[in-house]
Amino acid sequence: MKTRTVVFLLSLFVFQVGFVRADNRADYIRENYTKYEKRIPMRDGVKLFTAIYTPNDTSKKYPILLLRTPYSISPYGPDQYRSSISPHEEFEKEGFIFVYQDVRGRFMSEGEFVHMRPHVADKKSKSDIDESTDTYDTIEWLVEHVPNHNGKVGQWGISYPGFYTSAGAIDSHPALKAVSPQAPVSDFYWDDVYHHGAFMLSHWFGFLNRVPQRRKGLINEWPDPICEIETTDAYKFFMDVGPLKNVNERYFKGKSKFWNQVSRHTNYDKFWQKRNILPHLKNINAAVMTVGGWYDREDLFGPLHTYESIEKHNPDTFNIMVMGPWYHGGWLSSQGSELGDTDFGFATSKYFQNHIDLDFFKHFLKDEETELNMPEAMIFETGANRWRRFNQWPPASAKKTCFYFHDGGALSCEKPNEAGEAHDSYISDPDKPVPHTRDNSQWINNTFYAEDQRFASRRPDVLVYQTDVLEEDVTLVGTILANLFVSTTGTDSDWIVKLIDVYPDDLDEKAAQQALIRAEVFRGRFRESYKKPKPFVPNEMAKVSFELWDVLHTFKRGHRIMIHVQSTWFPFIDRNPQKYVPNIFEANEDDFIKATHRVYRSKEHPSHIEVGVLQQMF
């Protein structure tokens, strides 16, 4: 699938270079920058391959802007230039020394690559290395050897490079003055691999097929995928794969080291715990601007918790957060004016690039005397389609509010009065899972988090609850918590909760549209502990509570608030057999069974979501 492979790689890595613009940007870079390639030694002797682009105008000194990546800093060769060397072209016109580095064990850098290399808190020798030491040693070399710099260094990166940015800020090098982890991976179990214990199937199959952990020597080109696959229907392809055990038997043949590791570590055990960088985000002396997107199917957890952790561990550090209406890296790879079936009214990415991103780095790396007009949290309010400024996140003025499920698919802030075992039920069939999108032609679909959900509402295995028509605007803010009282005739089950904005029936273009605002999945076996799963007792009620993470969305007057509850979300999430097996990666075909699931809505067991409601300005 050569064509599809190229498309897949572009979707993964376009965030590193921003827009692929016309030739005039590439020409500008060649005319105004000179490229050098160096192998920078780390404290343990390993050398990391690094490309340095320095301005030809030497009449003034420039700050250094660093990006460390596992995704290749190609093209290689001092006469081979990138088509863009910065987050966006205004940086290149402003003037920086741009540095790109292959991280340890990737492409032209020496050493062994380890996915989300664990942080070493107690370093006792030069062999105790991690991504913070590699960053420190890189900066130390740069300030000693690169001419014409002003002594200040910044670092940025999106997704995996966002993780390296967070790691680089730990025990900050004195020259590191500003960092921007963007959509950063923070805890691999939560960010990218397992969402509340449920495996991100289509994403990780495609990713690990193209991003091997092993290599034979230094390489300057992307290796071939483990297997070539021709398909235009991802849903059908993954249904045909069958149980997860078939992936190795039919496709990977044991060649993906990380797939093998993921398949052995399905619980939140020490393998994942030591890859959690959040507890280590300490001694950060550089200014931090964390960036994320409300519609990021991979790393919504990452930016929210990176900001929160840095705030907790570094109370005196300049630490702000920006959240916009973007998919993964969309603030650089799209205009940000629309996504899926949702229109945001204007080019939100342009606003971020021109009024937030560049200003942040200019202030801390070039001219700290100028005023930086940025709040603690710069948050885009979807629904109202406007930027909001808050002095803390979540805002303290939000009032916690519950929306309860009622008979007849009603949703309201009033608690249900029904006694006994009032409930709604549906049959969940792993052989006919609910699709996560109406367009299954792509491996990676960046738009489904903002897609019209009517295709799902019409299915019998999706419960639908909605409010009456709203008489005034309602703004939901902060963490969404789902509290479900459930039972199943099986011994395991997934629970997906979706928050949806229902448009009025009398609109011309978007009449009755059901726009997805937030959604998350929870693997029921982890309802008491992510470390020690537990099967359900058939037909016995249990409480399932989990976060859908944060939101800032206004449901306009005339709209409705809708909730979906379902148990499959395929192939974004793997299928739960619904018969408890210790490791779903080892489940057999006959372990996949139909099950009837109940969601209770009685006075004693009132299933609901809880979220903050923000008072209207006037």
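Computed from a predicted structure; not experimentally measured.

**Some details on the packing of aromatic side chains**
And step 1. If you walk through the whole model with that rule in mind, you get 67 aromatic pairs.
And step 2. Ring geometry for F405 and Y465: centres 4.3 Å apart, planes at 10°, overall stacked. Taken as a pair, F405 in strand β15 (residues 399-405) and Y465 in strand β18 (residues 463-466) lie far apart in primary sequence, 60 residues in all.
And step 3. Judged by relative accessible area, Y465 falls into the buried class, the value being 1%.
And step 4. The residue whose ring lies beneath R82 is Y100, and the NZ or CZ to ring-centre distance is 4.1 Å.
And step 5. In this arrangement the basic side chain of R527 is found over the ring face of F536, its NZ or CZ atom lying 4.0 Å from the centre.

**What to know about the sheet that holds β18**
And step 1. In space, the four strands of this open sheet follow the order β18-β23-β20-β21, with antiparallel pairing throughout. A strand with exactly one partner marks an edge of an open sheet, and here the two such strands are β18 and β21 (514-523). Along the sheet, successive strands turn relative to each other by an average axial angle of 15°, direction set aside.
And step 2. Where strand β20 (residues 494-502) and strand β23 (residues 560-566) come together, seven bridges link them in antiparallel fashion. Bridge pairing in β23 links D501 to I561.

**Some words on the sheet that holds strand β10 (residues 319-324)**
And step 1. Strand order in this open sheet of ten strands is β1-β2-β4-β3-β5-β6-β9-β10-β13-β14, and the pairing throughout is mixed. The sheet terminates laterally at β1 (33-41) and β14 (386-390), the two strands that pair on one side only. Along the sheet, successive strands turn relative to each other by an average axial angle of 20°, direction set aside.
And step 2. The pairing of strand β9 (residues 287-293) with β10 spans six bridges and is classified as parallel. Note on β10: the bridge partner recorded for G292 is M323.
And step 3. Helix-sheet contacts for helix α12 (residues 301-313) involve β6 (176-182), β9 and β10, and the interaxial angle to β10 is about 165°.
And step 4. The strands that helix α14 (residues 348-365) touches are β3 (62-69), β5 (149-158), β6, β9, β10, β13 (377-381) and β14; relative to β6, the one it contacts most, it runs at about 155°.

Rules and cut-offs
Residues numbered from 1 in each chain as written. Predicted model: local features only at pLDDT ≥ 70, side-chain atom pairs only at ≥ 80, totals over all residues. Heavy atoms only, no water. Phe/Tyr/Trp six-rings, centres within 6.5 Å; stacked < 30°, edge-to-face > 60°. Helix = DSSP H or I, 4+ residues; strand = E, 2+ residues; numbered from the N terminus. Buried < 20%, exposed > 50% of the residue type's maximum accessible area, 1.4 Å probe, protein only. Lys NZ or Arg CZ within 6 Å of the ring centre and 35° of its normal. Pairing = 2+ DSSP bridges. Axes fitted to C-alpha atoms, helices over the stretch in contact; angles between N-to-C directions. Contact = heavy atoms within 4.5 Å.

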